[in-house]
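Single-letter residue listing:
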Amino acid sequence: MSKLNQLPHITLILLLLYSSSLPLLVSSAKCHKDDKKALLKLKAGFGNPIDLPWTSDVACCAWYGVICNSITGRVLNIDISSVNLSGTISPAIGDLPMLSEIHIQYAPFLTGSIPYSITKLPLTKLTIRFTALSGPIPAFLGELKDLTDIDLSGNLLTGPIPEPVASLPKLDRLTLFGNKLTGTIPPSLFRGQTRGDLLYLSDNLLTGEIPRSVGDADVAYIYLAGNRFTGDASFLFEGQKNTFEIDLSRNRFEMNMSSLSFTHSLNKLDLSNNRIYGSIPESVATLEGLNTFNVSFNRLCGRIPIGGNMNLFDRYCYTHNKCLCGSPLPSCSA
Ligand SMILES: *[C@@H]1O[C@H](CO)[C@@H](O)[C@H](O)[C@H]1NC(C)=O
Ligand SMILES: *[C@@H]1O[C@H](CO)[C@@H](O)[C@H](O)[C@H]1NC(C)=O
Ligand SMILES: *[C@@H]1O[C@H](CO)[C@@H](O)[C@H](O)[C@H]1NC(C)=O
């Protein structure tokens, strides 16, 4: 055979080899048998819900909500949303040695607590939200040193935010809104971070002052509404910050608004329902991205700044203060 004739031949062989290696990859991605065993125990713990179709006739890496490494067939992520899970999270979840993300949400009949066995996992993200999970946030989550993102919102959690959790070295998103948490924010929160991304603690029963570490971490989104926080949180606005949204409403913050300086990145500022005094600084009217502004139900006084985006905000954003005046409120006398 001439060389020219051989060439297409080789290409064909290569093609055949390549295409036959594809099914090989897929079959090796069938799911590790130990992981399959752990997933079935997890499903049993969830009360074998009929809307969780984890059945042996399908390779478990193809199951709903299961993401595997396609080479090793080991489970990397679990992401289950709006499945009627009941029962509890089985300790068998700790037997998925490569599991790095857990996302379980909208399962109002899921009860119990987070099993200690998850401390064996290389977890980076933990989401268990809008379930009936109860009891305290376990301090052992502080053993998961690679965690960057914790979301336990909309559960029935009680007790404090554990110090070992707050001081996780890589944590930059902490979402715990809509629980019944008590106590103060640990002063170590986000301490290791140059930039925190999200702190969302609204609608709990948290008390005390916001720790300085939250200001130092320059958190992009801060939602602390509907707690019992006190003190002067003006340091959240000091220095070169890059905050986009900040909601401190429905607390007991006491600070002088006159001396606050606002970062130009600010889109949302809600200080309503606190004990904030002084006046509204003129600099508010220079914030180009500001689209939400509410200082109602405080103790503010003086003329409301005009210009910039200030015409976006109606009188309900200023109502119930000591002596604010000027548009959109009645004009200042003399
Ligand atoms: C979900 O599960 C709970 C507990 O097993 C059951 O009482 C409820 O009726 C289920 N809801 C739906 C919509 O299937
Ligand atoms: C608030 O701060 C302003 C400016 O720093 C100051 O003039 C004012 O007296 C302060 N108000 C109160 C009640 O401390
Ligand atoms: C401002 O806050 C008050 C009190 O929390 C609320 O009633 C009002 O609806 C808010 N206004 C806007 C425009 O969000």
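Just so it is clear, the structure is predicted and the values come from calculations on it, not from any experiment.

Time to look at the nonpolar core. If you look at the biggest cluster of nonpolar residues, it comprises 91 residues, and the most contacted ones within it are Met257, Phe293 and Tyr318. Counting only elements with at least two residues in this core, the list comes to α2 (33-45), β1 (66-68), β2 (75-81), β3 (101-107), β4 (125-131) and α3 (163-166). In this structure, tyrosine 318 is in contact with Ile280, Phe293, Val295, Ser296, Ile304, Met310, Phe313, Leu324, Pro328 and Leu329, ignoring residues within four places of it in sequence.

Turning next to a positive patch on the surface. On the surface, Arg228, Arg252, Arg275 and Arg299 cluster together to form a positively charged patch. Take arginine 299: it is sitting in strand β19 (residues 299-303).

Looking now at the sheet that holds strand β11 (residues 207-208). Each strand in a sheet pairs with another by means of backbone hydrogen bonds, the pair being arranged parallel or else antiparallel. In spatial order, the strands read β11-β13-β15; together these 3 strands make up an open sheet with parallel pairing. Of all the strands in the sheet, just β11 and β15 (252-253) have a single pairing partner and so form its edges. By the bridge criterion, 2 bridges tie β11 to strand β13 (residues 228-231) in an arrangement that is parallel. Across the sheet, residue glycine 208 finds its bridge partner in β13, namely phenylalanine 229.

Here we take up the site of ligand 2. In the neighbourhood of ligand 2, the contacting residues comprise Asn256, Ser258 and Tyr277. Asparagine 256 places a side-chain nitrogen or oxygen 2.3 Å from an oxygen atom of ligand 2. Within the complex, the protein chains bury 32% of what would otherwise be the 360 Å² of accessible surface of ligand 2.

The next subject is the pairing of β2. Here β1 runs beside β2; their pairing, made up of 3 bridges, is antiparallel. Bridging from a neighbouring strand, cysteine 68 pairs with valine 75 of β2. Hairpin connection between β1 and β2: a loop of 6 residues separates the two successive antiparallel strands, and glycine 73 in this loop has a positive phi of roughly 70°. Summarising the sheet, β2 and β3 pair through 5 bridges and their orientation is parallel. Along β3, the bridge assignment pairs aspartate 79 with histidine 103.

Take the UniProt feature "domain: Leucine-rich repeat-containing N-terminal plant-type" (unreviewed entry) in the protein next. UniProt tags residues 32-69 as "domain: Leucine-rich repeat-containing N-terminal plant-type" (unreviewed entry). Between the first and last C-alpha atoms of residues 32-69 the distance is 10 Å; the span itself is 34% helix and 8% strand.

The next point concerns the sheet that holds β2. The 11 strands are arranged β1-β2-β3-β4-β6-β8-β10-β12-β14-β16-β18 in an open sheet whose pairing can be described as mixed. Since the sheet does not close on itself, it has two edges, and those belong to β1 and β18 (292-294), each with one partner. Averaged over all pairs of adjacent strands, the angle between their axes in this sheet comes to 10°, without regard to strand direction. Relative to strand β14 (residues 245-247), strand β12 (residues 221-223) runs parallel, the two being bridged by 3 bridges. Along β14, the bridge assignment pairs tyrosine 221 with glutamate 245.

Rules of the game
- Residues take numbers from 1 onward in each chain, read along the sequence in its written order.
- Going through the entries in the order they are written, you letter the chains from A and number the ligands from 1.
- The predicted origin of the model limits local features to residues at a pLDDT of at least 70 and limits the giving and counting of side-chain atom pairs to 80 or more, whereas totals for whole chains, interfaces and linings rest on all residues.
- Calculation of side-chain values draws on the structure's entire complement of heavy atoms; hydrogens and water are dropped beforehand.
- For the purposes of this section, nonpolar cores are sets of buried Ala, Val, Leu, Ile, Met, Phe, Trp, Tyr and Cys residues that join through side-chain atoms within 4.5 Å.
- For every residue, the accessible area (1.4 Å probe, protein chains only) is compared with the maximum for its type, and the residue is labelled buried under 20%, exposed over 50%, or partly exposed between those bounds.
- A helix here means a DSSP run of H or I that spans at least four residues, while a strand means a run of E at least two residues long, and both kinds are numbered starting from the N terminus.
- Only heavy atoms matter for contacts: two residues are in contact if any of them lie within 4.5 Å across the pair.
- Like-charged residues are merged into a patch within 9 Å and nonpolar side chains (Val, Leu, Ile, Met, Phe, Trp, Tyr) within 5 Å, provided each residue has over 30% relative accessible area and no salt bridge.
- What sets the accessible areas is the Shrake-Rupley method with a 1.4 Å probe; for residues, cover comes only from the shown protein chains.
- A pairing counts as a salt bridge when a side-chain nitrogen of Lys or Arg comes within 4 Å of a carboxyl oxygen of Asp or Glu.
- Working convention for charge: Lys and Arg count positive, Asp and Glu count negative, and His plus the chain ends are omitted.
- Here the site of a charge means atom NZ of a Lys, CZ of an Arg, CG of an Asp or CD of a Glu.
- Paired strands are those between which DSSP finds at least two bridges.
- Summary of the distance rule: residues count as near a molecule or strand when at least one heavy atom falls within 4 Å of that molecule or strand.
- Under this definition, polar contacts are N or O atom pairs within 3.5 Å; protein pairs additionally need one hydrogen-donor-capable and one acceptor-capable atom, and for neighbouring residues in sequence, both atoms have to be side-chain atoms.
- UniProt positions are given in the numbering used here, feature names are shortened, and annotations may be inferred rather than shown by experiment.
- What counts as an axis is a line fitted to C-alpha atoms, over the stretch in contact for a helix, and the angles between N-to-C directions run from 0 to 180 degrees.

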